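Tertiary structure, described
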Amino acid sequence: SQQGEEDPQALSIQEGENATMNCSYKTSINNLQWYRQNSGRGLVHLILIRSNEREKHSGRLRVTLDTSKKSSSLLITASRAADTASYFCATDEGSQGAQKLVFGQGTRLTINP
Amino acid sequence: DAGITQSPRHKVTETGTPVTLRCHQTENHRYMYWYRQDPGHGLRLIHYSYGVKDTDKGEVSDGYSVSRSKTEDFLLTLESATSSQTSVYFCAISVGSNQETQYFGPGTRLLVL
């Protein structure tokens, strides 16, 4: 069963605007990760936030994590056309060793020039 | 570049035929994974491997088997393909200092008629 639910399913904004997408999950986690997928390609890791962290930044990306609400958000600031892609959250529930990531259904982001 | 290749990249087959997909990596990564991606479901884990000859089931393993006889190769076999196995299949490896993130291959599009 899906762990993560993402919201919205699709988002269309103008270039230069900020994009926010949200992820909710159901069980306790070790960390939560965000991945990007360009059309027809494999997923690319963007950022990881651990369960004891509340906020993390990487370039134009800002991720927040609220473990009490079992939710996370990904903010992309000053969006560019190249940010057009699908974005997935993934949770890692396991202990050491192989990760059994559970992915959300994704948010399809379109940046309009 | 972690160097993952998947073969074939596209395949059309008929119901009831066996199909084997290959994932090849070049950097001796220990953990390897097979996912399928379907509209509305995000990515779901099929099987994973934590070493040569060491594999385990994921969320959607029914109808699939895997083998890992060498570190660099992880094979996914559909013993008797069904139309419900039409999907895009992604291989991934664990990367990073703590093996916490995953690097994905380019995917294999499989159509079962």
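Look up a bit, the structure's there.
This structure is a prediction, so every number in the text was calculated from the model and none was measured.

1. As for the interface of chain B and chain A
- The partner chain A presents 22 residues to the 23 residues of chain B that form the contact.
- Between chain B and chain A lies a buried interface of about 1700 Å² when both sides are counted; carbon and sulfur atoms form 49% of it.
- When the buried area of chain B at its contact with chain A is split by residue, L43, E100 and F104 of chain B rank highest and sum to 28% of it.
- Our enumeration of links across chain B and chain A arrives at one salt bridge.
- Taking the shortest distance from any N to any O, the salt bridge between R50 of chain A and E100 of chain B comes out at 2.5 Å.
- Counting across the chain B and chain A interface gives eight residue pairs in polar contact (both at pLDDT 80 or more).
- Looking at the side of chain B that touches chain A, the elements that each hand over two or more residues are β4 (32-38), β5 (42-51), β9 (87-95) and β10 (101-104) of chain B.
- No other element matches β5 of chain B, which puts five residues into the side of chain B that touches chain A.

2. Notes on the pairing of β10 of chain B
- Where β9 of chain B and β10 of chain B come together, four bridges link them in antiparallel fashion. Paired with S94 of chain B across the bridge in β10 of chain B is Q102 of chain B.

3. Regarding the environment of T26 of chain B
All names here are of chain B.
- Secondary-structure assignment places T26 in the loop between β3 (19-25) and β4.
- Its relative accessible area of 55% is what places T26 among the exposed residues.
- For T26 and V88, which are 62 residues apart along the polypeptide, the C-alpha to C-alpha distance reads 22 Å.

Thresholds applied
Residues numbered from 1 in each chain as written. Chains lettered and ligands numbered in written order. Predicted model: local features only at pLDDT ≥ 70, side-chain atom pairs only at ≥ 80, totals over all residues. Heavy atoms only, no water. Contact = heavy atoms within 4.5 Å. Buried area = accessible area lost by both parts, 1.4 Å probe. Salt bridge = Lys/Arg side-chain N within 4 Å of Asp/Glu carboxyl O. Polar contact = N/O pair within 3.5 Å; in protein donor to acceptor, adjacent residues only side chain to side chain. Helix = DSSP H or I, 4+ residues; strand = E, 2+ residues; numbered from the N terminus. Pairing = 2+ DSSP bridges. Buried < 20%, exposed > 50% of the residue type's maximum accessible area, 1.4 Å probe, protein only.

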